[in-house]
Amino acid sequence: TRPGCRGRGKMGILRSEEMRHGTLVLPTDRARQFIDIIGSGTKMQFEDMNAREMHRPYKKNVQRLDEMERVIRFLMEELAKVPQAEIIKNNVDSFLQHSDQYKLEDIEANLKKMYRDFTEFKENNAQ
């Protein structure tokens, strides 16, 4: 386990086990195919070793995912304050079995709407 990656590590709300660090080098032209296969068949977190470079082909997607994770953290914190609210987590296998039914754009839109709704609730309750 890498220093600083013990327990939940960078995965935050999605991490439930200790992480171990390794290196995987993939051909650029087929990287997406390999990542899809590996990601759907194992419980693995990928860390972009080129995160500091300016010319990353998936930079915008990574930024979108980071923003969605931020919104999920916010929503989970808000739901934790609601009495009798039940949060179902760590159901990764079910998610992966139905992953072909999810579209990133739809999930992103739903999260944005929930975020707006919750911030409006908070503002209204503060008045």
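Just above sits the structure.
Residues numbered from 1 in each chain as written. Predicted model: local features only at pLDDT ≥ 70, side-chain atom pairs only at ≥ 80, totals over all residues. Heavy atoms only, no water.

A. Representation of the packing of aromatic side chains within the structure. This model, assessed by the stated rule, comprises three aromatic pairs. Seen in terms of ring centroids, Phe95 and Tyr102 are 4.8 Å apart; in terms of plane orientation they differ by 20°. Their pairing is stacked. Overall, Phe95 belongs to the partly exposed group, its relative accessible area being 39%. With 5.8 Å between their ring centres and 70° between their planes, Phe118 and Phe121 make a pair best called edge-to-face. Of this pair, Phe118 and Phe121 both sit in helix H4 (residues 104-126), separated by three residues, roughly a single helical turn. One cation-aromatic arrangement involves Arg70 over Tyr115; the distance from NZ or CZ to the ring centre is 5.0 Å. (Phe/Tyr/Trp six-rings, centres within 6.5 Å; stacked < 30°, edge-to-face > 60°. Buried < 20%, exposed > 50% of the residue type's maximum accessible area, 1.4 Å probe, protein only. Helix = DSSP H or I, 4+ residues; strand = E, 2+ residues; numbered from the N terminus. Lys NZ or Arg CZ within 6 Å of the ring centre and 35° of its normal.)

B. Examining the pattern of salt bridges more closely. Applying the stated criterion across every chain yields a total of seven salt bridges. For Arg70, the salt bridge identified is with Glu67, shortest N-O distance 2.7 Å. Taken together, the residues Arg70 and Glu67, both in helix H2 (residues 59-80) and three residues apart, mark about one turn of the helix. In this structure Glu67 comes out as partly exposed when scored by relative accessible area, which is 37%. Close ionic contact of Lys113 with Asp117 constitutes a salt bridge, the shortest N to O distance being 2.9 Å. Linking Lys113 with Asp117, this pair stays in helix H4, spanning four residues, or about one helical turn. Within this structure, Arg64, Glu105 and Glu108 form a network of salt bridges that share partners. (Salt bridge = Lys/Arg side-chain N within 4 Å of Asp/Glu carboxyl O.)

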